[in-house]
Amino acid sequence: MSGKPFDSLNTSFGVGDDPLAVKENLARLSASARVEPSKLHFVKQVHGDRVVEASAATPETEADAVWTEVPGTAVGVRTADCVPILIEDPGGRVAAVHAGWRGVENEIVTRTIERLVARGGELAQLRFAIGPCIQRCCFEVDGDLPRRFEAAFGAKVVVRSGEQIKPHLDLPLAVQETLSRLGVPEGHVAVLPQCTMCDARFFSHRREHGVTGRHLSFITLPGAAAL
Ligand SMILES: [Zn+2]
């Protein structure tokens, strides 16, 4: 529904797109996913490490992870290069996490897992999906970021190809490393390989110099309240 440069399924009201178009996009997405629009929860993402429960959150609540244990409820995060991480807890919870490099460095995914475990979730049972994001092919970084990431997550998360080329960061690998260190079985983590920057199907904040739409990555807790 959205026109350029937000074409076509932008899900964010905060990027300058026509609000009516965004509303229509979310309505189409809700219908397609068979979730009532009022049961689809997201928050105002701020690159922090705050985790909130969907029932206590509004779209204006500042947080970067949202979870629920209410059947029929969906939780989502909006991204355009950052890493979306969806978590299924078979004990009856789901969570969605937004992690750019700040969120990865601050281990918001760990904070989210802690919350699920505190509610009765079992770490070894959790399942993860790491969605499309800017990948190591495109995520050029500078300053002391590469050194900090190497120190925190190991040398393999930074690719150095020579003196003339800036280091590239592998954000999803840093998330995988975080999960691995916590004891999450490797087979419980699905990683999508698509790069939002070099695959034109995706919105990319970096490729479009900050003016673009946002994808919604979401997960629904099945239940009677679903349509
Ligand atoms: Zn790429």
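A brief look at the structure comes next. (Residues numbered from 1 in each chain as written. Predicted model: local features only at pLDDT ≥ 70, side-chain atom pairs only at ≥ 80, totals over all residues. Heavy atoms only, no water.)

1. Let's talk about the coordination of the zinc ion
Now for step 1: Cys137 (SG), Cys138 (SG), Cys195 (SG) and Cys198 (SG) make up the full set of protein donors to the zinc ion, lying at 2.2 to 2.4 Å.
Now for step 2: Between consecutive donor residues of the zinc ion, the sequence gaps follow C-C-x56-C-x2-C.
Now for step 3: Judged by its relative accessible area of 6%, cysteine 195 falls in the buried class.
Now for step 4: For cysteine 198, a relative accessible area of 53% gives the class exposed. (Donors = N, O, S within 2.8 Å, 3.2 Å for Na, K, Ca; no water. Buried < 20%, exposed > 50% of the residue type's maximum accessible area, 1.4 Å probe, protein only.)

2. Focus on the side chain of threonine 73
Now for step 1: Note on placement: threonine 73 falls in the loop between β3 (65-68) and β4 (74-79).
Now for step 2: Overall, the relative accessible area of 5% leaves threonine 73 in the buried class.
Now for step 3: What threonine 73 contacts, discounting residues up to four positions off in sequence, is Lys39, His41, Ala54, Thr68, Ile219, Thr220 and Leu221. (Helix = DSSP H or I, 4+ residues; strand = E, 2+ residues; numbered from the N terminus. Contact = heavy atoms within 4.5 Å.)

3. Let's talk about the packing of aromatic side chains
Now for step 1: Going through the model one piece at a time under the given rule, you end up with one aromatic pair.
Now for step 2: Centre to centre, the rings of phenylalanine 149 and phenylalanine 153 are 5.3 Å apart; their planes meet at 35°, and the pair counts as tilted. Taken together, the residues phenylalanine 149 and phenylalanine 153, both in helix α4 (residues 145-153) and four residues apart, mark about one turn of the helix.
Now for step 3: Among the residues examined, phenylalanine 149 registers a relative accessible area of 1% and is labelled buried.
Now for step 4: When the ring centre of phenylalanine 42 is taken as origin, the NZ or CZ atom of arginine 78, which lies over that ring, is 4.1 Å away. (Phe/Tyr/Trp six-rings, centres within 6.5 Å; stacked < 30°, edge-to-face > 60°. Lys NZ or Arg CZ within 6 Å of the ring centre and 35° of its normal.)

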